[in-house]
Amino acid sequence: ATQRVGGRVSAAPIVSRVSRRSLRCEARKVALLGAAGGIGQPLALLLKMNKFATELALYDIANVVGVAADLSHCNTPVEVTAYTGPEELGACLKGADLVVIPAGVPRKPGMTRDDLFNTNAGIVQALIQAVGKHCPQAVIEIITNPVNSTVPIAAETLKSMGVYDPKKLIGVTSLDIVRANTFVSKEKGLDMKDTDVPVIGGHAGATILPLLSQTTPPTSFTDAEKKAMTEKIQNAGTVVVEAKAGKGSATLSMAYAAARMAESTLLGLNGEPNIYECAFVQSDVVAEVPFFASKVLLGPHGVAKVMGLGELDAFEQAALASMLPQLKAEIQKGLDFVKNPP
Ligand code: NAI
């Protein structure tokens, strides 16, 4: 079977691409936690336009009622509801098939993703406790940074509640793939809608490792080009943080990338075959770390299969070896936050 990398999402706008198809639509409730934020609002709009969602439950600690009222006027069939504050979180989550989490603070200039740990670790832990209680069967997609640590926090939290299913916990790294596809297709003059660059590892600095040698369609890079392109993809988030000059980090491209991930996940849940995305999941692909981003096959229960890395060239092998200590430490920091609280 042909691999459909990135579900059906190509560079074509999501709505036009999906509306050309008429797939069967099962009742699917999507809960979005942090829905009033910079990512939350455009992501809510894209989910309101999604053909495979039937209900969109928006949650935030403030300002979400207005977002829902606004969105509910779009004449697409997705039913929109709003929930504010922890006392309404249970109702938001009840019956959800997919929970997407962009709640938390973003970077300001000069910050690394790890600098967000102190604030965001507790936010993710509390939200995941509610997910574990109210919809333990749902697929969970975590956008909140530092993803390398928040996903392990979620895993440990769910484990402590006895409801952890590694197939249903996904760290969203799809923005790295979206960026790599855009930059590589532009530099190499490839058709953007057909370009696919797998990105493995994690979602912070050097842990973001594009596999340029596995670019589809095949293309070649000199050593200097390879180094420059890898760094451009790794630093792309920081470029946006600096350009926004204190007003946040990537929100629109992140919403686009998360909508792609959500759509692929819903397609998988609906039984569509051959839906692949790169994502940060529990993995034994690299022996040194318990979580790793690589291509995964999505299916009726979330992650159906974690794929291998394929063949890495010498540059990629060296980059992988040198970033593993950072990735390992960031994963451990997340695990420790739950297992040995400070
Ligand atoms: P934002 O500050 O604009 O929005 C965050 C929202 O979360 C706000 O509406 C806030 O009220 C809400 N929130 C805070 N605490 C909450 C809680 N306990 N429960 C529910 N909602 C809560 O931030 P933005 O730009 O939307 O970024 C959100 C997160 O996404 C950040 O951690 C950022 O670093 C991360 N991010 C991740 C990317 C990725 O590739 N995985 C890319 C870009 C950002």
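Just so you know, these numbers come straight off a predicted model, no measurement behind them.

Colleague: Before we go on, may I ask you to explain the overall build of the chain in this structure?
Modeller: Within the chain one finds ten helices and twelve strands. In terms of C-alpha radius of gyration, the chain reaches 19 Å, essentially the compact-globule figure of 20 Å for 342 residues. When its C-alpha atoms are laid out on the principal axes, the chain stretches across 55 × 50 × 40 Å. Counting every position in the chain, which comprises 342 residues, the buried fraction comes to 50%. In the chain, the proportion of contacts linking residues at least 24 apart, taken out of those at least 6 apart, comes to 71%.

Colleague: Quick question: what am I supposed to make of the environment of Val-105 here?
Modeller: Tracing the sequence through the fold places Val-105 in the loop between strand S5 (98-101) and helix H5 (117-134). Using a count of 17 C-beta atoms within 10 Å as the deciding quantity, one classes Val-105 as partly exposed. Sequence spacing of Val-105 and Thr-215 is 110 residues, and the spatial spacing of their C-alpha atoms is 33 Å. Excluding anything up to four places from it in sequence, Val-105 contacts Leu-116, Thr-119 and Asn-120.

Colleague: Before we go on, may I ask you to explain the UniProt feature "domain: Lactate/malate dehydrogenase N-terminal" (unreviewed entry) in the chain in this structure?
Modeller: Those places that UniProt annotates as "domain: Lactate/malate dehydrogenase N-terminal" (unreviewed entry) correspond, in this numbering, to residues 29-171. In residues 29-171, helix accounts for 40% and strand for 20%; the two terminal C-alpha atoms are 19 Å from one another.

Colleague: I keep staring at the nonpolar core and nothing clicks. Help me out?
Modeller: For soluble globular proteins, the rule of thumb is that nonpolar side chains tend to be buried together. Of all hydrophobic cores here, the largest spans 105 residues; its most connected members are Leu-32, Leu-47, Leu-58, Tyr-59, Val-99 and Ala-258. At ten residues, the largest contribution of residues to this core is made by helix H9 (residues 252-269). If we ignore the near neighbours within four places in the chain, the residues touching Leu-58 are Leu-32, Ala-35, Ala-44, Val-64, Val-67, Ala-68, Val-80, Thr-81, Ala-82 and Tyr-83.

What counts, and where the lines are drawn
Residues numbered from 1 in each chain as written. Predicted model: local features only at pLDDT ≥ 70, side-chain atom pairs only at ≥ 80, totals over all residues. Helix = DSSP H or I, 4+ residues; strand = E, 2+ residues; numbered from the N terminus. Rg over C-alpha atoms; globule rule 2.2 N^0.38 Å. Buried ≥ 20, exposed ≤ 12 C-beta atoms within 10 Å, placed from the backbone. Contact = placed C-beta atoms within 7 Å. UniProt positions renumbered as here; feature names shortened; annotations may be inferred. Core = buried A, V, L, I, M, F, W, Y, C linked by C-beta atoms within 7 Å.

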